[in-house]
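# Residue-level structural notes
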Amino acid sequence: MRVIGTRIHRFRTSWSRIAVVLTAALAIIGLTAVAPSQAVTETPQFVQVKSITMSAARITLNIAPTAPGNLLLVYVNWDNTRGISVTDSSNDEFTPVGNPRVYNGSYHSQPFYAKNIKGGATSVTVDFSPNAFADVDVVEYSGLDKDDPLSGTSANNGIDFRMDSQSVGARAGDLIVGVGAFIRGMPLPSEGGFTIRSTECNNIIQDKVVSAAGAYSSTAFITEPGVWVMHVVAFRAATTEPPTEPPTEPPSGSRDPFQQPFASNSFWNMPIGSGAQYVPANLATVPQGDVWATMPQNDANTIIMTPDEPITDLYYSDAGWSGRSRCKGTGDLIFQVPMPRDYIVEDSPQNEGAAFLMRDGRTINTSVPFARCNVGGYATSIDTGSPPMDLYGDGFTTDIGAGGLTGTPGGVLRVGELRPGQQGPKHALRIVVDSAQSFFNCRIEVECWRWPATEADSGATATYGIYGNNQNKPMQMGALLAIPTSRNINTMGLETEPARQLAWTLQNYGAYIGDSTGAGFQFVTERGPNGWFADQAEHDYGPDRRQTQFYSDWGYSFEQRVNNNTPWSRDVQKLVGALYVVDNNGPNSMGGGGTPLQPLAPEISPGRR
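Residues numbered from 1 in each chain as written. Predicted model: local features only at pLDDT ≥ 70, side-chain atom pairs only at ≥ 80, totals over all residues. Heavy atoms only, no water.

## Digging into unusual backbone geometry
Cis geometry is adopted by the peptide bond preceding Pro-296, which originates at Met-295 and carries an omega value of 0°. If you trace the backbone, Pro-296 turns up in strand β19 (residues 294-304). Following Trp-451, the chain continues into Pro-452 via a peptide bond in cis, with omega recorded as 10°. With respect to the helices and strands, Pro-452 occurs in the loop between α1 (435-438) and α2 (460-463). One non-glycine residue, Asn-469, lies in the positive phi region at around 50°. The class for Asn-469 is partly exposed, based on a relative accessible area of 42%. (Helix = DSSP H or I, 4+ residues; strand = E, 2+ residues; numbered from the N terminus. Buried < 20%, exposed > 50% of the residue type's maximum accessible area, 1.4 Å probe, protein only.)

Shown next, in the form of structure tokens:
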């Protein structure tokens, strides 16, 4: 029998990663697109539960015959500090859900699950070393995803009348299971739509299928106050894909979703419209009068579109932007991502947004700031709340970054773009500006950001626009900047070919402000297994500039300062000075509405690249 033991990490508890797959948003701004055939989602069903309490080094529980393809959830409480393992008579593989929750002194509580079980006559065995006094509950469910059912988990413990696991994210149709233990009293009738399946052994097993995406917790009231522990586990419902024709040669004009993700009418891919209303951005070409300001700086965003690579654990680290090392995890496992074993992101003070394409080939998990300091080692991030994105969806997210846009692959200058002989990237860019000078001096939080940003920096009302008391209200986090169509980009006096390409992109697609910095101006560019788009030479970080695409193509560093006074730095100053705000950009008038200045990007759908 294959045995997977419990791992005990001496990290503090943190919320688990929300696991939600967003669907493509079509027909925004009156445009239509043909959607791919929709998968049929099954409804998860409770099948059986059986419980036992005893003191032993090994506990075996015989249950009724199980059905092939179902899921077994095993909940264990035990009274020592040693790890345990769970097996069954069919050699199904059991995976621990999160880390053991310690409560009431030395008691431990943890769920395990086995997916896509073989079925038939089944006994479940829990091994303890040494003897333990333990409760074991075994629950069977049908209708759950057979490949990757675990969506997320959270746990909590306390001493009072109300048990509350804290929240976990789920999508519509998911199964939410609450498992917990209490010392005194009995649970009152279920709340929050849960059905109680068992209260044997002073444990509680309850579940519900949710009808809408959101955050859910498992709660219960008990008749007497006392010590309790509660876990909530979200499982994905199984889906049945409709039959599809084998892919043929891509049609003319098709695009690679790994290279340019998201739907054609995603705000990241929409061109500027003929109805765009431009107002001055008033960006300084010498930020804060500092000739040492970067012009431009490279804000490198890790993009890993390798769903078949080995799985890497990503743990919580509270280092963030504190200056402490990001290499060491200080909290729970957030999620697992596929990435090359030898891919490294060293400890740095940079934003270090990251995007990972998951095993299903369409879910994108994001993380900020990301670090992986050792070959084959685990990774870390402070980000436990950014919901996953859909490679084929609308590109909208609520990321942890300053504007909620950090980490996404949208707006990134990708390896393969801005090369000799090209016209310019055919999508909006993502830029980072000097918040103290460039942004409106907002006094209330809602005036500090605008769509598609979902927030502003912490403390924005005390820091935005304070240099010169900026009263240019359209200049908020999330603003879409562009070179107006009235400006002839061929007469801007640009000296370099990459700047001419960027001018074309900035006029036809624009750039979204996705984060803030000090004195300087930044483009967000790709780093990852495909290589580095550009260097970070002015910050003594990153690869040798000669190993980057930009330097290899053009013969000079991407990252420069105002006082370098080179053709490239002067050109970036000209681009910055030419930018205006598209003030009527919004969810119903992307790019300002009207007729797009360029054709929409070819549609993409799963299975067609």
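Anyway, onward from the coordinates.
## Some points on the sheet that holds strand β24 (residues 379-381)
Within the open sheet, the three strands sit side by side as β21-β20-β24. Their pairing is mixed. A single partner strand is all that each edge strand has here, and the edge strands are β21 (333-338) and β24. Pairs of neighbouring strands in the sheet enclose a mean axial angle of 30°, with direction left out of account. The pairing of strand β20 (residues 311-316) with β21 spans five bridges and is classified as antiparallel. By the bridge assignment for β21, Thr-312 is matched with Val-337. (Pairing = 2+ DSSP bridges. Axes fitted to C-alpha atoms, helices over the stretch in contact; angles between N-to-C directions.)

## Considering helix α3 (residues 497-508)
Along an α-helix, a turn takes 3.6 residues, which lines up residues three or four apart on a common side. With 12 residues, α3 extends 17 Å from end C-alpha to end C-alpha; this agrees with the ideal 16 Å at 1.5 Å per step. A large share of α3 lies buried, amounting to 10 of its 12 residues. All of the buried residues in α3 are Pro-498, Ala-499, Gln-501, Leu-502, Ala-503, Trp-504, Thr-505, Leu-506, Gln-507 and Asn-508. At its buried positions, α3 is contacted by β26 (429-434), β27 (480-482), β28 (511-517), β29 (520-528), α4 (549-554) and α5 (567-578). At the C-terminal side of α3, Gly-510 shows a positive phi close to 80°. (Expected span 1.5 Å × (residues − 1). Contact = heavy atoms within 4.5 Å.)

## A short note on the pattern of salt bridges
All chains considered together, the criterion is met by 18 salt bridges. Residue Arg-197 is joined to Asp-207 by a salt bridge in which the shortest nitrogen-to-oxygen separation is 2.9 Å. Separated by 10 residues along the polypeptide, Arg-197 in strand β13 (residues 195-198) and Asp-207 in strand β14 (residues 203-209) bring together distant segments of the chain. You can call Asp-207 buried: its relative accessible area is 4%. A salt bridge links Arg-570 to Glu-495; the shortest N-O distance between them is 2.9 Å. Of this pair, Arg-570 sits in helix α5 while Glu-495 sits in the loop between β27 and α3, placing them 75 residues apart in sequence. Among the residues examined, Arg-570 registers a relative accessible area of 24% and is labelled partly exposed. (Salt bridge = Lys/Arg side-chain N within 4 Å of Asp/Glu carboxyl O.)

## Re the sheet that holds β14
Taken together, the five strands give an open sheet; going across it, the order is β10-β16-β12-β14-β13, and neighbouring strands pair in antiparallel fashion. With partners counted over all chains shown, the strands left at the sheet margins are β10 (150-164) and β13, one partner each. With direction set aside, neighbouring strand axes in the sheet form an average angle of 25°. One ladder, built from three bridges, connects β13 with β14; its direction is antiparallel. Residue pairing across strands places Ser-198 opposite Ile-205, the latter belonging to β14.

## Points about the nonpolar core
Grouped together as the largest cluster of nonpolar side chains are 49 residues, with contacts concentrated most on Leu-283, Leu-481, Ile-483, Ile-513, Phe-521, Phe-523 and Leu-575. Ignoring sequence-local partners within four residues, the contact set of Ile-483 consists of Tyr-278, Ile-489, Met-492, Ala-503, Leu-506, Gln-507, Leu-575, Ala-578 and Leu-579. Counting residues in hydrophobic clusters, the runner-up holds 26 residues, among them Ala-276, Ala-428, Ala-482 and Val-582. (Core = buried A, V, L, I, M, F, W, Y, C linked by side-chain atoms within 4.5 Å.)

## Quick word on the pairing of strand β9 (residues 120-142)
Strand direction decides the pairing type here: strand β3 (residues 45-66) and β9, joined by 18 bridges, are antiparallel. The partner of Gln-45 across the bridge, within β9, is Ser-142. Looking at chain direction, strand β4 (residues 71-78) and β9 are connected through eight bridges and run antiparallel. Within the sheet, the bridge partner assigned to Trp-78 lies in β9 and is Ala-134. By the bridge criterion, four bridges tie strand β5 (residues 85-88) to β9 in an arrangement that is antiparallel. Note on β9: the bridge partner recorded for Asp-88 is Val-124.

## Examining the packing of aromatic side chains
Counted under the stated rule, the structure contains 20 aromatic pairs. A centroid spacing of 5.0 Å and a plane angle of 45° characterise the contact between Phe-550 and Trp-568, whose relative ring orientation is tilted. On the criterion of sequence distance, the pair formed by Phe-550 in helix α4 and Trp-568 in helix α5 is long-range, its members being 18 residues apart. One exposure class covers both Phe-550 and Trp-568, and it is buried. (Phe/Tyr/Trp six-rings, centres within 6.5 Å; stacked < 30°, edge-to-face > 60°.)

## Description of the packing of α3 against α5
Closest axis-to-axis distance for the α3/α5 pair is 10 Å, and the angle between their directions is 15°. Taken together, the axes of α3 and α5 lie roughly parallel to each other. Once α3 is placed against α5, the crossing between them reads as right-handed. Facing Pro-498, Ala-499, Leu-502, Ala-503 and Leu-506 of α3, the residues of α5 in contact are Trp-568, Asp-571 and Leu-575. For the contact of α3 with α5, the per-class residue count stands at seven nonpolar, no polar and one charged. (Parallel < 35°, antiparallel > 145°, perpendicular 65-115°, else oblique. Left-handed = near helix turned anticlockwise from the far one by under 90°. Nonpolar A, V, L, I, M, F, W, Y, C, P; charged D, E, K, R; others polar.)

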